[in-house]
Amino acid sequence: MSDTQKIVPSLWFDRNTEEAIDFYIAVFNASPRKRRESRLVSLTRYELGMEVPGGEEMEGQVLTAVFELDGQRFMALDGGPIFKFNEAVSFYVECEDQAEVDHFWEHLSAVPEAEQCGWLKDRFGLSWQIVPRHLEELLTHSDRKKALAATNAMLKMKKIVIGDVQRAFDEA
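## Let's talk about the pairing of strand β7 (residues 127-132)
Successive side chains on a regular strand alternate, one facing one side of the sheet and the next facing the other.
So, point 1. The element β7 is largely enclosed, with a buried count of six among its six residues.
So, point 2. Side-chain alternation along β7 places Ser 127, Gln 129 and Val 131 on one buried face and Trp 128, Ile 130 and Pro 132 on a second face that is also buried.
So, point 3. Across six bridges, strand β5 (residues 90-95) lies against β7 in parallel orientation. Across the sheet, residue Tyr 92 finds its bridge partner in β7, namely Gln 129.
So, point 4. As judged from the three bridges shared by strand β6 (residues 119-121) and β7, these two strands associate in the antiparallel manner. Note that in β7 the partner of Trp 119 across the bridge is Gln 129.
So, point 5. Between the end of β6 and the start of β7, which pair antiparallel, lie five residues, with Gly 125 showing a positive phi angle near 95 degrees.

What follows is the structure, encoded as C-alpha cells:
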C-alpha cells in the first residue's frame, strides 16, 4: 500500500470484479488528462478447499484484488449478491476541464434516471460525481449573488457543463 494513502475503499461486487476493474482501468487510462497510470496491482482467487462463509461455491472467483485509478488505491472482491452499492457513497472525480468531464460522463454513465448535479451511476451500480475543478470556485465565490446564480444553474443539470455555469455566474 502507498505510504500516503491510509484509507483504501473496498468494493464488494457480485461476481464481476475482474470485469469492473478492467473497465475502470481502461476508462481512467483513456482520460484526456490522465495524470498517473491506472493499473491492477494484485489479484487472488478462491481456490478449491477454501471454506467460504455461507458455503457458496466460489472457486475461481476473485477473493481480493487491489487496483489503482489515477493513483487512488482500491480493494475489491467477488462477494456474491448479498450487498449492493447505493448512492450513499460515491467517488468524486475532479476534472480539469469540460473535455475530461465529457470523457468520464460518456464512459461511466449507465443509469440516466440516476443522473443529477454531476452525479451518475455506472453499469456496476457505483455512483460517481464528475465535477470540473473550476466549479467549487464559482459556487463558493464571495459575491453571493453570482455564487447563487452559478449554484442554481448547476442544480438544473445532469452532467455539469462548466461553460453554462460560468455564464450564469457572469450574468448575475
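The discussion continues.
## Describing helix α4 (residues 144-155)
So, point 1. Taking 1.5 Å as the rise per residue, α4 with twelve residues should run 16 Å; its terminal C-alpha atoms sit 16 Å apart, in good agreement.
So, point 2. The set of residues buried in α4 consists of Lys 146, Ala 147, Ala 150, Ala 153 and Met 154. Projection of α4 onto a plane perpendicular to its axis shows the buried side chains occupying an angular sector of 125 degrees, all on one side.
So, point 3. Buried residues along α4 sit in contact with α3 (134-139) and α5 (162-171).
So, point 4. Where α4 begins, the capping side chain belongs to Asp 143, and its oxygen is found 3.2 Å from the backbone nitrogen of Lys 145.

## Details of the pattern of salt bridges
So, point 1. Applying the stated criterion to the full structure yields ten salt bridges.
So, point 2. Its salt-bridge partner being Arg 45, residue Glu 18 comes within 2.8 Å of it at the nearest N-O pair. One end of the pair, Glu 18, is in helix α1 (residues 17-29); the other, Arg 45, is in strand β2 (residues 39-45), and 27 residues separate them in sequence.
So, point 3. Judged by its relative accessible area of 34%, Arg 45 is partly exposed.
So, point 4. Within this structure, Arg 39, Glu 68 and Arg 73 form a network of salt bridges that share partners.

Reading the values: the criteria
- Residues numbered from 1 in each chain as written.
- Predicted model: local features only at pLDDT ≥ 70, side-chain atom pairs only at ≥ 80, totals over all residues.
- Heavy atoms only, no water.
- Buried < 20%, exposed > 50% of the residue type's maximum accessible area, 1.4 Å probe, protein only.
- Helix = DSSP H or I, 4+ residues; strand = E, 2+ residues; numbered from the N terminus.
- Pairing = 2+ DSSP bridges.
- Expected span 1.5 Å × (residues − 1).
- Arc of directions from axis to C-beta.
- Contact = heavy atoms within 4.5 Å.
- Polar contact = N/O pair within 3.5 Å; in protein donor to acceptor, adjacent residues only side chain to side chain.
- Salt bridge = Lys/Arg side-chain N within 4 Å of Asp/Glu carboxyl O.

Taken by themselves, the reported measurements are silent on function.
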